[in-house]
Amino acid sequence: MIKYLGSKRLLVDKITSLVGRACEQDSTILDLFSGTSRVGHALKRAGFRVLANDHNAYAHTLAGCYIQADAESVLVRAKSIIDDLNTTKPQPGFITHKYCEESRFFHPDNGARIDAIRDRIDTLDLDPDLRAVILTSLLEAADRVDSTTGVQMAYLKSWAPRAHKQMTLRVPDVLPAVPTGRCQAHQLEAIDAAKKLTGDVAYLDPPYNQHSYLGNYHLWETIVNWDRPPTYGIACKRTECQQRKSDFNSKPRIEPALRAVIQSLDVDTIVLSFSDEGYLTRDQIIHMLSARGRVAVIENDHPRYVGCKIGIHNQSGKKVGTVGKTRNKELFFVAGTGAEQLGEKKKDRQTTILA
Ligand SMILES: C[S@@+](CC[C@H](N)C(=O)[O-])C[C@H]1O[C@@H](n2cnc3c(N)ncnc32)[C@H](O)[C@@H]1O
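Residues numbered from 1 in each chain as written. Predicted model: local features only at pLDDT ≥ 70, side-chain atom pairs only at ≥ 80, totals over all residues. Heavy atoms only, no water.

Draft legend 1. Highlighting the side chain of Thr 28. Here Thr 28 is to be found in strand β1 (residues 28-31). Given the relative accessible area of 10%, Thr 28 is considered buried. Excluding residues that lie within four positions of it along the chain, Thr 28 makes contacts with Arg 49, Leu 51, Thr 198, Gly 199, Asp 200 and Val 201. (Helix = DSSP H or I, 4+ residues; strand = E, 2+ residues; numbered from the N terminus. Buried < 20%, exposed > 50% of the residue type's maximum accessible area, 1.4 Å probe, protein only. Contact = heavy atoms within 4.5 Å.)

Draft legend 2. Region of interest: the site of the ligand. In the vicinity of the ligand lie 20 residues, with Tyr 4, Thr 36, Asp 54, Asp 205 and Ser 246 positioned nearest. Tyr 4 is positioned with one of its side-chain polar atoms (N or O) 2.6 Å from an oxygen atom of the ligand. Coverage of the ligand by the protein chains reaches 99% of its 610 Å² of free accessible surface. Taken together, the residues that form the shell around the ligand break down as seven nonpolar, eight polar and five charged. (Near = heavy atom within 4 Å. Polar contact = N/O pair within 3.5 Å; in protein donor to acceptor, adjacent residues only side chain to side chain. Areas by Shrake-Rupley, 256 points an atom, 1.4 Å probe, with all protein chains shown as cover. Nonpolar A, V, L, I, M, F, W, Y, C, P; charged D, E, K, R; others polar.)

Draft legend 3. Broad picture of unusual backbone geometry. Positive phi values are uncommon outside glycine, yet Ser 37 reaches one of about 75°. Checked against the element boundaries, Ser 37 lands in the loop between β1 and α2 (38-45). Residue classification places Ser 37 among the buried residues on the basis of a relative accessible area of 0%. Despite not being glycine, Arg 228 has its phi angle at roughly 40°, a positive value. By the secondary structure assignment, Arg 228 is in the loop between α10 (218-225) and β5 (231-232). With a relative accessible area of 42%, Arg 228 lands in the partly exposed category.

Draft legend 4. The pattern of salt bridges, seen in detail. Scanning the entire structure with this criterion turns up 24 salt bridges. One salt bridge connects Lys 98 with Glu 102, and the closest N-O pair in it is separated by 3.3 Å. Remark: Glu 102 and Lys 98 occur in helix α5 (residues 94-102); sequence separation between them is four residues, near one turn of the helix. When the shortest N-O distance is used, the salt bridge between Glu 255 and Arg 259 registers 2.6 Å. With a gap of four residues between them, Glu 255 and Arg 259 both fall in helix α11 (residues 251-264), about one helical turn apart. What makes Arg 259 partly exposed here is its relative accessible area of 27%. (Salt bridge = Lys/Arg side-chain N within 4 Å of Asp/Glu carboxyl O.)

Draft legend 5. Up close: the packing of aromatic side chains. A complete count under the given rule lists eleven aromatic pairs for this structure. Plain terms: the ring middles of Tyr 208 and Phe 274 are 6.1 Å apart, the flat faces sit at 70° to each other, and that makes the pair edge-to-face. One end of the pair, Tyr 208, is in the loop between β4 (201-204) and α9 (213-216); the other, Phe 274, is in strand β7 (residues 269-275), with 66 residues separating them in the sequence. With a centroid separation of 6.3 Å and an interplanar angle of 25°, the aromatic rings of Tyr 213 and Tyr 217 are classed as stacked. Overall, Tyr 213 belongs to the buried group, its relative accessible area being 19%. On the basis of relative accessibility, which here comes to 1%, the residue Tyr 217 falls in the buried class. (Phe/Tyr/Trp six-rings, centres within 6.5 Å; stacked < 30°, edge-to-face > 60°.)

Printed below as a string of structure tokens:
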């Protein structure tokens, strides 16, 4: 899966087991901020019916592949299309000019491969699930040869070693259907998804600070939309990054936005992930969730981003400061019926029943 800020790569097993303890095996789980879809993917693998949502087009595509598409219906065709796409003759186009020459996100050889393959995908008459699988395969292939530190606000001054490798598409890990109904991928604002979708448990993993996902992953949005948008700045971001903002990236707006989502959800249990370094305090979140019944809080200790271990350096590379905190906490809040069940089992010493 793609490199992604805030991805729950290291916590996915804990989240799956938490959800599993909070509901029955035939439950439907909503994932309203699905990002890479790795949480929904693990939940689908565990047999739950998952309804994923994210407001960005690239994340909707990833959910189309990992959540909505079922292996039985797409994998045979996907394999043959991907084998064929890997033989496509490179042809420089928008990506090469913008992101290999004007900026340096990809080596031009791979830029020309992305251009030619993305053009060819639009000539294939693919149904939405298969199209999501093929586009995901392209995004992940491009991610494996990019020249960034994992965000697209900037690119490296010298090519990353992986940028010299030839980009090759692979077949994504699409899962078989679950027995309790079709899984779904939606592209809605979180508040609209909260009003529209119903299930048993909602997993909420909103952004927790000012860093916009559209700005950090603008290239994936462009490759999925293939709209050759107007751009600005050194990173050649889509100009829409300046207008299309999320309330969850705003200190004054996140509290009312999250409160509205929590109030609108038609589920028995809410599981919410949030960092202890985010815009909302633990007490603010507990207060919002307590309207749903009991609230349990589980703390997960985390190493902080790698830069903080290296310390603070000036432009010539001299160490000019240190960063005090090298670990942060990812908090899980469980509210409603699921929290009661966790409380009754009392297995987890870190579980605090707060209300
Ligand atoms: C912390 S990330 C989720 C990471 C995900 N759980 C994973 O493991 O990959 C937050 C996600 O919320 C999405 N998002 C931000 N604002 C949103 C909004 N207003 N409505 C829906 N999705 C939003 C972003 O696109 C981003 O993918």
